Amino acid sequence: MLGWKKTPPIRTLVGEGTVVTGELRFSDGLRIDGEVQGDVVASGEGRTLLVISEKARVHGKVRAGHVIINGSVHGPVVAETLLELQPKARIVGDVKYEALEMHQGATIQGGLLPLQADDKPGLKLAASATGAPDRGFSQPAAPNPLHKI
């Protein structure tokens with residue numbers, strides 16, 4: 001799975017017959033077998049996994065690291081690492097992904113776009129050891145011995 005050593009555990013389940021209204025935020029893994037009327041968004045710094053099963057319905061935005069869809073999503077989908085569309089996946093909305101696996105039978109009614117660098121979560125760079133701000137290329141370049149004045 002794109003170099004992952006371990007899949008995040010699914011710690012939360014929205015069971016079949018359950019309807020959740022409002023935004024649903026999760027960390028690690030979430031499996032939806034029921035219905036969500038609202039956005040489903042992964043939060044936190046770690047890897048995330050979202051599984052939308054064959055009987056599941058989501059009416060809202062979907063965003064997570066690894067997204068597996070075999071149900072229905074009405075809204076935009078963003079998969080920050082991998083998007084797997086299984087045979088019964090039905091998406092009405094734009095889809096953005098880092099990597100895509102789409103099985104025969106899956107359908108998308110909307111745009112299909114790879115993530116751009118500015119769409120991805122920003123990297124946090126460690127501060128320099130001295131604490132001095134980086135001034136870029138402030139030193140003049142060494143003279144070229146082959147260039148004559």
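Structure shown above.
Residues numbered from 1 in each chain as written. Predicted model: local features only at pLDDT ≥ 70, side-chain atom pairs only at ≥ 80, totals over all residues. Heavy atoms only, no water.

Scanning the chain for helices and strands turns up zero helices and 15 strands. In the chain, buried positions account for 34% of the 149 residues. When contacts within the chain are restricted to residue pairs at least 6 apart in sequence, long-range pairs at least 24 apart make up 11% of them. Split by element, the accessible area of the chain, about 9600 Å² in all, is 53% carbon and sulfur. (Helix = DSSP H or I, 4+ residues; strand = E, 2+ residues; numbered from the N terminus. Buried < 20%, exposed > 50% of the residue type's maximum accessible area, 1.4 Å probe, protein only. Contact = heavy atoms within 4.5 Å. Areas by Shrake-Rupley, 256 points an atom, 1.4 Å probe, with all protein chains shown as cover.)

This part is about a nonpolar patch on the surface. Together, Leu 100, Met 102 and Leu 112 make up an exposed nonpolar region whose accessible area comes to about 230 Å². Counting through the fold element by element, Leu 112 comes out in strand S15 (residues 112–114). (Patch = residues over 30% accessible without salt bridge, like charges linked within 9 Å, V, L, I, M, F, W, Y side chains within 5 Å. Salt bridge = Lys/Arg side-chain N within 4 Å of Asp/Glu carboxyl O.)

Before going further, it helps to examine the nonpolar core. Counting 25 residues, the largest nonpolar core has Ile 32, Val 40, Leu 50, Ile 52, Ile 69 and Leu 83 as the members making the most contacts within it. If you list the elements that add at least two residues to this core, you get strand S3 (24–26), strand S4 (29–32), strand S7 (49–52), strand S9 (62–69), strand S11 (77–85) and strand S13 (95–102). For Leu 83, the residues in contact, after removing those within four places along its chain, are Val 67, Ile 69, Val 77, Val 95, Tyr 97, Ala 99, Leu 100 and Glu 101. (Core = buried A, V, L, I, M, F, W, Y, C linked by side-chain atoms within 4.5 Å.)

This part takes up the environment of Met 102. If you trace the backbone, Met 102 turns up in strand S13. For Met 102 and Ala 89, which are 13 residues apart along the polypeptide, the C-alpha to C-alpha distance reads 9.1 Å.

Attention now moves to the pairing of S9. Counting buried residues along S9, seven of its eight residues qualify, which places the element largely inside the surrounding structure. Direction of pairing for strand S6 (residues 40–42) relative to S9: parallel, over a ladder of two bridges. Each residue of the ladder has a partner; that of Val 40, found in S9, is Val 62. Note: S9 against S11, seven bridges, orientation parallel. Pairing of Ile 68 across the sheet is with Glu 84, part of S11. (Pairing = 2+ DSSP bridges.)

Attention shifts here to unusual backbone geometry. Positive phi, normally seen in glycine, also occurs at Asp 28, with a value near 60°. With respect to the helices, strands and loops of the structure, Asp 28 is situated in the loop between S3 and S4. The class for Asp 28 is partly exposed, based on a relative accessible area of 24%.

Turning our attention to the environment of Glu 16. Summarising the element assignment, Glu 16 is placed in the loop between strand S1 (10–14) and strand S2 (19–21). Overall, the relative accessible area of 57% leaves Glu 16 in the exposed class. Residues Glu 16 and Asp 33, 17 residues apart in the sequence, show an inter-C-alpha distance of 4.7 Å. With residues near it in sequence (within four places) discarded, Glu 16 still touches Asp 33, Gly 34 and Lys 55.

Let's shift gears to the pattern of salt bridges. According to the stated counting rule, one finds six salt bridges in the structure shown. For the salt bridge of Asp 28 with Arg 11, the shortest nitrogen-to-oxygen distance reads 2.6 Å. On the criterion of sequence distance, the pair formed by Asp 28 in the loop between S3 and S4 and Arg 11 in strand S1 is long-range, its members being 17 residues apart. Between Glu 54 and Lys 88 there is a salt bridge, with its nearest N and O atoms 2.9 Å apart. Residue Glu 54 is located in the loop between S7 and strand S8 (57–59), and its partner Lys 88 is located in the loop between S11 and strand S12 (90–92); the two are separated by 34 residues in the primary sequence. Under the relative-accessibility criterion, Glu 54 is labelled partly exposed at 40%. For Lys 88, a relative accessible area of 45% corresponds to the partly exposed category.

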